Amino acid sequence: MEQRLLWCEKGSLLGFIFGVIFIICNECIIQCNASIHEYRNEAFSPQSNAFFFHGGSEGLYASKVHGSADSSSTDNHHLKGKSFIRFESVTFVRTKESANNQSEMQQNTGLVEAIILEVKDRVRIGASFVQSEKICCTRNLSNSGYCTVGEVVIHKNLDNPDWPVRIKTFFNGKDEEARMDTKSININSSGMYYLYFMFCDPQLKGTLIKGRTDWRNPDGYLPGKMAPLMTLYGFMSLAYLVLGLAWFLRFVQFWKDIIQLHYHITAVIALGMCEMAVWYFEYANFNSTGIRPMGITLWAVTFSAVKKTLSRLLLLVVSMGFGVVKPTLGGITPKVFLLGLVYFVASEALELVEHLGNINDFSGKTKLFLVLPVAFLDSWFILWIFSSLSKTLEKLQIRRNMAKLELYRKFTNYLAIFVLLSVAWIGFELYFNATDPLSEYWQIAWIIPAFWTLLAYALLAVICILWAPSRNPTRYAYLEEAGDDFDEEGISLTSGALKVSGDVTAMREYDNVLAEDLEEDKRE
């Protein structure tokens, strides 16, 4: 009865998690459009004496080809080498009350400004240069000659007087809508660019924005901080292919001595190869069209989540001695599968947010809600892995299986190094994010995900080397005939120093350990 209740509770938990995944998927599909920022009747937020809407931010490289981009052109060949931000069908919709308060005889009855600035020029927006927190121009500031009443205060850069860029759009008479002209702003200097839509007139409170803006780099629509990752995924696809070929040749050469663990390793290699290839094609399509291909992205995200889950499960079962110390995991198998399933669901949710929420970003609380479960489960995996390794090493030492003991000691040392590197990199990542809240170092931000990709590959390569198929599977394979296993390893590795047949005490200890293992498997 208690077991049924436990499974019901687990089922309810999984049902809740899958429900969260479904909601996130729907949100991502609605919001994600990559380098094409879409605005769907979204509201302005008050700040100081202004109202603003964040229209997007991207790392953009300087144009390689000078000259204005044709606003009506969609031909990638014509746009190649040009970097720009283009406004397309951006429309502002004010409330009926606001429109009715205006006079039909007036031509300009409301002003909305689009302001593009590089992140280093953010202090030039507002009156901070005269020790004021105001964003919109006041009468005192106007009398001092700093600005015009009703407009956003912009302190121009004397070295580059055309920046920050201000584009004005006026409402006419009692019109409820005002549409921006289709216009492209060329980018001639590499940097992190921000777009804000702002207005100062309190009567425009409640105004909504709809339409879209296109952001393009010289080599395509891929955002600047993501562009190096396409090259990385192409390189890693080849790396996994080389590893897969080497493993396959070894697999075929010693196919008669293959153990079940080798099939698990093969599956992880195949998933890694597919993951890198799908991500590469997803980024290539994204770069060409400016819109993330939803189907390919979902496949790539799923491949990543599945590979991460199987990689961790592989480390766990290897640490438990599966196929080496014991032939099965015994009663602990359901717990391992449940942990893997929960991790897959949590990882899938986080991947969806990270890769499908790049433009209209989810709130920090939403992302934190998804990061914490993954971090907790990763910690749980690490604790369980090292706890299992400790038990496995202890068993092998008592059994005096020196070859397997040496193998697991090497594995433990390598794993400890990878964990230390991971902890150090997490510290660096936290420092990097804390010191760069506005993505000023966007050109090197790609190294953070690249590190995890390379680390996962390196760890898989180590496992492939340590557990490579060979003519002597007894080096790591579990043998039912315990005496043969003990005798072979004891003689070959101690060079006659230990004679199994003559060491009665060791054999008794070994029999006791086997009996304890059997009892442990039954309990699990």
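Whatever comes next refers back to the structure up there.
Predicted model, so just to flag it, every value in this text is computed and none were measured. (Residues numbered from 1 in each chain as written. Predicted model: local features only at pLDDT ≥ 70, side-chain atom pairs only at ≥ 80, totals over all residues. Heavy atoms only, no water.)

A. Spotlight on the nonpolar core. Counting 75 residues, the largest nonpolar core has Ile265, Tyr283, Phe411 and Trp467 as its most contacted members. Counting residues per element, the ones that place at least two in this core are α5 (227–253), α6 (260–289), α7 (294–319), α8 (333–356), α9 (364–399), α10 (402–435) and α11 (447–466). Residues Tyr39, Phe51, Val165 and Ile187 belong to the second largest nonpolar core, which totals 27 residues. (Core = buried A, V, L, I, M, F, W, Y, C linked by side-chain atoms within 4.5 Å. Buried < 20%, exposed > 50% of the residue type's maximum accessible area, 1.4 Å probe, protein only. Helix = DSSP H or I, 4+ residues; strand = E, 2+ residues; numbered from the N terminus.)

B. Fine view of the environment of cysteine 274. Turning to its location among the elements, cysteine 274 is positioned in helix α6. Remark: the alpha-carbon pair of cysteine 274 and lysine 307, spanning 33 residues in sequence, is separated by 9.6 Å.

C. Examining the state of the cysteines more closely. Enumeration according to the criterion identifies two disulfides in this entry. With a sulfur-sulfur separation of 2.0 Å, cysteine 136 is cross-linked through a disulfide to cysteine 200. Handedness of the cysteine 136-cysteine 200 disulfide follows from its S-S torsion of about -90°: it is left-handed. Of the two residues, cysteine 136 is situated in the loop between β5 (110–118) and α4 (139–143) and cysteine 200 in the loop between β9 (191–199) and β10 (208–216); the sequence distance between them amounts to 64 residues. This pair shows no difference in class: cysteine 136 is buried, exactly as cysteine 200 is. (Disulfide = S-S within 2.5 Å.)

D. Highlighting α7. Relative to the 38 Å expected for 26 residues at 1.5 Å per residue, α7 spans 38 Å between its end C-alpha atoms, a close match to the ideal helical length. With its phi angle positive at about 85°, glycine 321 sits one or two positions after the end of α7. (Expected span 1.5 Å × (residues − 1).)

E. Quick peek at the packing of aromatic side chains. Throughout the structure, instances matching the rule amount to 31 aromatic pairs. Here phenylalanine 251 and tyrosine 263 contribute two aromatic rings whose centre-to-centre distance is 5.5 Å and whose plane-to-plane angle is 75°, an arrangement assigned as edge-to-face. Placement of phenylalanine 251 in helix α5 and of tyrosine 263 in helix α6 is noted, with a sequence separation of 12 residues between them. The structure contains a cluster of three or more aromatic residues connected by ring pairs, namely Tyr39, Phe44, Phe51, Phe53, Phe87, Phe92, Phe197 and Phe199. (Phe/Tyr/Trp six-rings, centres within 6.5 Å; stacked < 30°, edge-to-face > 60°.)

F. Fine view of the packing of α5 against α6. Contact geometry for α5 and α6: axes closest at 8 Å, N-to-C directions at 155°. When the interaxial angle is binned, α5 and α6 end up roughly antiparallel. Crossing of α5 against α6: the hand is left-handed. (Axes fitted to C-alpha atoms, helices over the stretch in contact; angles between N-to-C directions. Parallel < 35°, antiparallel > 145°, perpendicular 65-115°, else oblique. Left-handed = near helix turned anticlockwise from the far one by under 90°.)

G. Molecular detail of the pairing of β9. Most of β9 sits out of view: eight of its nine residues are buried. Sheet topology note: the β5/β9 ladder contains six bridges and is antiparallel. Residue pairing in the sheet places glutamate 118 in a bridge with tyrosine 193 of β9. (Pairing = 2+ DSSP bridges.)

H. A look at a nonpolar patch on the surface. Residues Leu238, Leu241 and Leu245 make up a contiguous nonpolar surface patch of roughly 280 Å² in combined accessible area. Looking at where leucine 238 falls in the secondary structure, it is placed in helix α5. On the accessibility criterion, leucine 238 (54% relative accessible area) is exposed. (Patch = residues over 30% accessible without salt bridge, like charges linked within 9 Å, V, L, I, M, F, W, Y side chains within 5 Å. Areas by Shrake-Rupley, 256 points an atom, 1.4 Å probe, with all protein chains shown as cover. Salt bridge = Lys/Arg side-chain N within 4 Å of Asp/Glu carboxyl O.)

I. Focus on unusual backbone geometry. Residue tryptophan 163 is joined to proline 164 through a cis peptide bond whose omega torsion reads -10°. Tracing the backbone shows proline 164 in the loop between α4 and β6 (165–171). Even without a glycine there, the phi angle at serine 48 is positive, about 55°. Of note, serine 48 is situated in the loop between β2 (45–47) and β3 (50–60). Its identity as a non-glycine residue notwithstanding, serine 89 has a phi of 50°, on the positive side. Judged by relative accessible area, serine 89 falls into the partly exposed class, the value being 30%.

J. Local environment of the pattern of salt bridges. Counted according to the given criterion, the structure contains 15 salt bridges. In this structure, lysine 64 and aspartate 219 form a salt bridge, with 3.1 Å as the shortest nitrogen-oxygen distance. With lysine 64 in the loop between β3 and α2 (76–79) and aspartate 219 in the loop between β10 and α5, this residue pair connects regions lying 155 residues apart in the sequence. Neither lysine 64 nor aspartate 219 differs from the other in exposure class; each is exposed. The closest approach of N and O atoms between arginine 312 and aspartate 378, which form a salt bridge, is 2.7 Å. Of this pair, arginine 312 sits in helix α7 while aspartate 378 sits in helix α9; the two residues are 66 residues apart in sequence, bridging distant segments of the chain. Shared partners join several salt bridges into a network, and the residues in it are Arg86, Glu88, Arg212 and Asp214.

K. Up close: the side chain of arginine 124. On the secondary structure map, arginine 124 appears in the loop between β5 and α4. Residue classification places arginine 124 among the buried residues on the basis of a relative accessible area of 19%. Leave out the neighbours within four places in its chain, and arginine 124 touches Val153, Ile154, His155, Lys156, Asn157 and Pro164. (Contact = heavy atoms within 4.5 Å.)

L. Quick peek at the sheet that holds β2. Across the sheet, five strands lie side by side as β2-β3-β9-β5-β6; this open sheet has antiparallel pairing. This sheet does not close on itself; its edge strands, each paired only once, are β2 and β6. The mean inter-strand angle of the sheet, taken between neighbouring strand axes irrespective of direction, is 30°.

M. Inspection of the pairing of strand β4 (residues 84–93) at higher detail. Among the 10 residues that make up β4, nine are buried, leaving the element largely enclosed by the rest of the structure. Note that β4 and strand β8 (residues 183–186) share four bridges and pair antiparallel. Pairing of phenylalanine 87 across the sheet is with lysine 183, part of β8. Of the pairings in the sheet, the one linking β4 to β10 comprises eight bridges and is antiparallel in character. Paired with threonine 91 across the two strands is lysine 210, which belongs to β10. Bridge count for β4 against strand β7 (residues 177–179) is three bridges, and the pairing is antiparallel. Note on β7: the bridge partner recorded for threonine 91 is arginine 179.

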